[in-house]
Amino acid sequence: MSATNSISRRGFAVVAGSAMVLLATATGVFAQAAGGAPRVVKIATSAESKPLAWGAIGVEPQGYEPDLLRAINAKLPQYKFEMEGVADIAQETGLATGKYDIACGGYYRSDARAKQFVIPENPMGASLLKIYSRKDSDISAMKDLVGKRIVPLTAGGGTYRFVVSWMQENPNHKLEITTSSAGIPYPDRLKEVQNGKFDALILPSNLGEQTVIEEQKLDIKASEPVFSANTYMLIHKADKNKTLAEDVNKVLKELKEDGTMDKLSKKWFGEEIVRYMK
């Protein structure tokens, strides 16, 4: 209901109510300036995407994105970030309903997301697509996948869109791709490459593949990045989050420039990612 309609229907009572709201807002600002309690910001992080982020409900989130969020919060004492590990499928739903103020999960920017959420201009990192294949294979680039059995791609996902785009740009190198919505965990997909069911898996490298390869002693190798895309946090679209979005955007730029992002990516991914950020 607009302010004009409210006044026409309720007259002076609404004007007085509006004054009270303004007074309460001003009081809150003064309280913050005087050292009052910081605003609590609810954040959904990935629950099972080690080392990007992991930690289910009740467990303190760990990984690159949680550490970066802590670095952001350290520069913004007017907020108190409260993180909670959430299943990927529930993150955007919770953000859309306002249950969470922020969601982080290695998100790509898209037109649909930009319409539904606030996306800071500055990214949190970069997602590097790599090809995973057996060490005895001759696969090291996209063109090497011609005639190979590729693990099914998530229908409509970022990897699928990249592969389709690559084939359009390279019509002489036709790849046989299939799609799936089965949601098979990537450790199981790596095992399918290991046992010969498939020849290659194309996947963002920030999901912990190298940890799985090392811990399970798989004879799998990773190519150099075949594609990179910035990853962003998503912010619930509401008036109360306008200043939050501006503050976070400013700090993300600072953390990129002062080396914090590279330090954290080296810690969690084993490589610096800022050079891949566009």
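Before reading on, note that the structure itself is shown above.
Residues numbered from 1 in each chain as written. Predicted model: local features only at pLDDT ≥ 70, side-chain atom pairs only at ≥ 80, totals over all residues. Heavy atoms only, no water.

Draft legend 1. Structural view of the environment of Gln210. Inspection of the secondary structure assignment puts Gln210 in helix α8 (residues 209-215). Residue Gln210 is classed as partly exposed on the basis of its relative accessible area of 41%. (Helix = DSSP H or I, 4+ residues; strand = E, 2+ residues; numbered from the N terminus. Buried < 20%, exposed > 50% of the residue type's maximum accessible area, 1.4 Å probe, protein only.)

Draft legend 2. The arrangement of the side chain of Asp101 in detail. By secondary structure assignment, the location of Asp101 is in the loop between α4 (88-97) and β5 (102-107). Residue classification places Asp101 among the buried residues on the basis of a relative accessible area of 5%. In contact with Asp101, other than residues within four places in its own chain, are Arg39, Val40, Val41, Lys42, Leu95, Leu234, Ile235, His236, Lys240, Asn241 and Leu244. (Contact = heavy atoms within 4.5 Å.)

Draft legend 3. A look at helix α3 (residues 64-75). Taking 1.5 Å of rise per residue, 12 residues should cover 16 Å, and α3 covers 17 Å from first to last C-alpha, within 8% of that figure. Most of α3 is tucked away: 9 of the 12 residues are buried. (Expected span 1.5 Å × (residues − 1).)

Draft legend 4. Looking closely at the packing of aromatic side chains. Counted under the stated rule, the structure contains 3 aromatic pairs. Where Trp54 meets Trp268, the ring centres are 5.5 Å apart and the plane angle is 75°; that geometry is what we call edge-to-face. Of this pair, Trp54 sits in strand β3 (residues 53-54) while Trp268 is found in helix α10 (residues 260-269), placing the two residues 214 residues apart along the sequence. Judged by relative accessible area, Trp54 falls into the partly exposed class, the value being 24%. With centroids separated by 5.1 Å and ring planes inclined at 40°, the aromatic side chains of Tyr64 and Phe269 adopt a geometry described as tilted. With Tyr64 in helix α3 and Phe269 in helix α10, this pair connects stretches of sequence that are 205 residues apart. The same class applies to Tyr64 and to Phe269, which are both buried. Sitting over the face of the ring of Trp54, Lys50 holds its NZ or CZ atom 5.0 Å from the ring centroid. Just above the ring of Tyr232 sits the side chain of Arg109; from NZ or CZ to the centre is 4.6 Å. (Phe/Tyr/Trp six-rings, centres within 6.5 Å; stacked < 30°, edge-to-face > 60°. Lys NZ or Arg CZ within 6 Å of the ring centre and 35° of its normal.)

Draft legend 5. Representation of the pattern of salt bridges. In total, this model carries 20 salt bridges according to the counting rule given. For Arg134, the salt bridge identified is with Asp199, shortest N-O distance 3.5 Å. Taken together, the residues Arg134 in strand β7 (residues 125-134) and Asp199 in the loop between α7 (186-194) and β10 (200-204) connect sequence positions 65 residues apart. Classification of Asp199 as buried rests on a relative accessible area of 12%. One network of salt bridges, with partners in common, ties together Glu60, Asp67, Arg70 and Lys267. (Salt bridge = Lys/Arg side-chain N within 4 Å of Asp/Glu carboxyl O.)

Draft legend 6. Layout of the packing of α3 against α10. At their nearest, the axes of α3 and α10 sit 9 Å apart, and the two run at 150° to each other. Compared by their axis directions, α3 and α10 come out roughly antiparallel. The chirality of how α3 crosses α10 is right-handed. Side by side, α3 and α10 meet where Tyr64, Asp67, Leu68 and Ala71 of the first sit next to Thr260, Met261, Leu264, Ser265, Lys267, Trp268 and Phe269 of the second. Taken together, the residues of the contact of α3 with α10 break down into 7 nonpolar, 2 polar and 2 charged. (Axes fitted to C-alpha atoms, helices over the stretch in contact; angles between N-to-C directions. Parallel < 35°, antiparallel > 145°, perpendicular 65-115°, else oblique. Left-handed = near helix turned anticlockwise from the far one by under 90°. Nonpolar A, V, L, I, M, F, W, Y, C, P; charged D, E, K, R; others polar.)

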